[in-house]
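Residues per chain, in single letters:
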Amino acid sequence: MHHSVLDLCPVPEGADTAQAMRNTADLAQTSESLGYHRYWMAEHHNMPGIASAATSVLLGHVAGKTKTIRVGAGGIMLPNHAPLSIAEQFGTLATLYGDRIDLGLGRAPGGDQAVWRAMRRGRVDGDQFPDDVAELMSYLDDADPRAPVQAHPGQGTHVPVWILGSSLYGAQLAAHFGLPYAFASHFAPDALEDATHIYRRDFKPSAQLDKPKFMLAVNAFAADTDEEGAYLRTSMQQAFARLRTGKPGKLPRPVDDIDAEIGAGMRQAVDNALRISAVGSPATVRAKLAELIARYSPDELILTGQIHDHTARKRSFEITAEALSGL
């Protein structure tokens, strides 16, 4: 079973965006050396703690710094863009870097309503998402000489398309198109069981895929001890709490007492949203990953971890890779 990395290019407190991007390139190279299969980045906007807003541009940087690992979007928020534009961007990446580019597509705006208006003024109908997906795939497929518009680059690159989601909608759409499906269980796991059941039950084979392919997203905060892993996780707990209260910022430094920082009630709500996580020592992380694999039977795991210290973050992915190699 493949295991992969999801990186939002976090900007830690005390650092700037340029340093965050250098960290991303370093983590991508480290992930490649550790045997991770994919390195994905996600589109978010108006968030000072996330530097992956221009996702395809940053993916080009990562692809240029690596050699073998697959590089892709997890994902592009398609309602923000014209399908032709995304096809050209990822067609360009595939032309430059060959058959190691992935394109994951999401339906959310990657921000609030203000972001929605700023990204694509005059368009507010999210129900066009299925049509946009179909149009985008047509631009990556073999050229149709009758088509009035073609993607150059893009046409004929056959960049693999994934559907991302945290609800039943994405599961139904991925099944309908016969596409691989990645569930955002690392921050919105409530519909996980139902979504995976519907996706596998209703899947229709396609030219891209002959059977369901499900990716499970897991937070990983691995360290030498359980206590250190829990300490590292407090950065993500604080960031999630600030996002929920409308005060997003840079990735906070970890704290010794998370309840004193955000309150026990908020901490419990955050922990519930982040419950698909493996936190602690190598043995603890390995046991949790084994439990998640046994319960959900994913075809692939994608690991993410918003850890303030870059060295500790790389060490977390190293421990996690070692844990997975033994399963």
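Report on the accompanying structure. Because the structure is predicted, anything quoted here is derived from the model rather than measured.

**Description of the layout of surface pockets**
It is a probe the size of a water molecule, rolled over the atoms, that shows where empty space is left.
Turning to step 1, where the next piece is worked out: When its volume is computed, the largest pocket comes out at roughly 1,100 Å³.
Turning to step 2, where the next piece is worked out: Around the largest pocket sit 44 residues that line it, and L8, H44, A184, H186 and F187 are the ones nearest its centre.
Turning to step 3, where the next piece is worked out: If one sorts the elements of the lining of the largest pocket by residue count, helix α8 (residues 226-244) sits on top with six residues.
Turning to step 4, where the next piece is worked out: If you add up the space inside the second largest pocket, you get close to 310 Å³.
Turning to step 5, where the next piece is worked out: Along its surface, the second largest pocket is lined by 14 residues, and M137, D141, H158, A207 and Q208 are the ones closest to its centre.

**Concerning helix α11 (residues 282-296)**
Turning to step 1, where the next piece is worked out: Along its 15 residues, α11 runs 21 Å from first to last C-alpha, staying within 8% of the 21 Å computed at 1.5 Å per residue.
Turning to step 2, where the next piece is worked out: Listed as buried for α11 are V285, L289, L292 and Y296. Around the axis of α11, the buried residues are gathered within 60° of arc, so they sit on the same side. In α11, those exposed residues whose orientation departs by more than 90 degrees from the buried face are A283, A294 and R295.
Turning to step 3, where the next piece is worked out: Buried-residue contacts for α11 involve α7 (192-202), β7 (214-222), β8 (277-280), β9 (300-304) and α12 (310-325).

**Remarks on the pairing of strand β3 (residues 70-77)**
Turning to step 1, where the next piece is worked out: With respect to burial, β3 is a largely interior element, eight of its eight residues being buried.
Turning to step 2, where the next piece is worked out: Bridge count between strand β2 (residues 38-41) and β3: four bridges; the pairing is parallel. Bridging across to β3, W40 finds its partner in G72.
Turning to step 3, where the next piece is worked out: Note on the crossover from β2 through helix α2 (residues 55-65) to β3: the handedness is right-handed.
Turning to step 4, where the next piece is worked out: When β3 meets strand β4 (residues 101-106), the two strands line up parallel, connected through five bridges. Each bridged residue has a counterpart across the sheet, and for A73 the counterpart in β4 is L103.
Turning to step 5, where the next piece is worked out: Handedness of the crossover is the feature at issue here: the chain leaves β3, passes through helix α3 (residues 83-97), returns alongside β4, and the resulting connection is right-handed.

Analysis parameters
- Residues numbered from 1 in each chain as written.
- Predicted model: local features only at pLDDT ≥ 70, side-chain atom pairs only at ≥ 80, totals over all residues.
- Heavy atoms only, no water.
- 1 Å grid on protein atoms, 1.4 Å probe; cavity = no way out; pocket = protein on both sides within 12 Å on 5 of 7 lines; lining within 4 Å.
- Points joined across faces, edges and corners; volume = space filled by probe spheres on them.
- Helix = DSSP H or I, 4+ residues; strand = E, 2+ residues; numbered from the N terminus.
- Expected span 1.5 Å × (residues − 1).
- Buried < 20%, exposed > 50% of the residue type's maximum accessible area, 1.4 Å probe, protein only.
- Arc of directions from axis to C-beta.
- Contact = heavy atoms within 4.5 Å.
- Pairing = 2+ DSSP bridges.
- Right-handed = clockwise from strand over helix to strand, strands pointing away.

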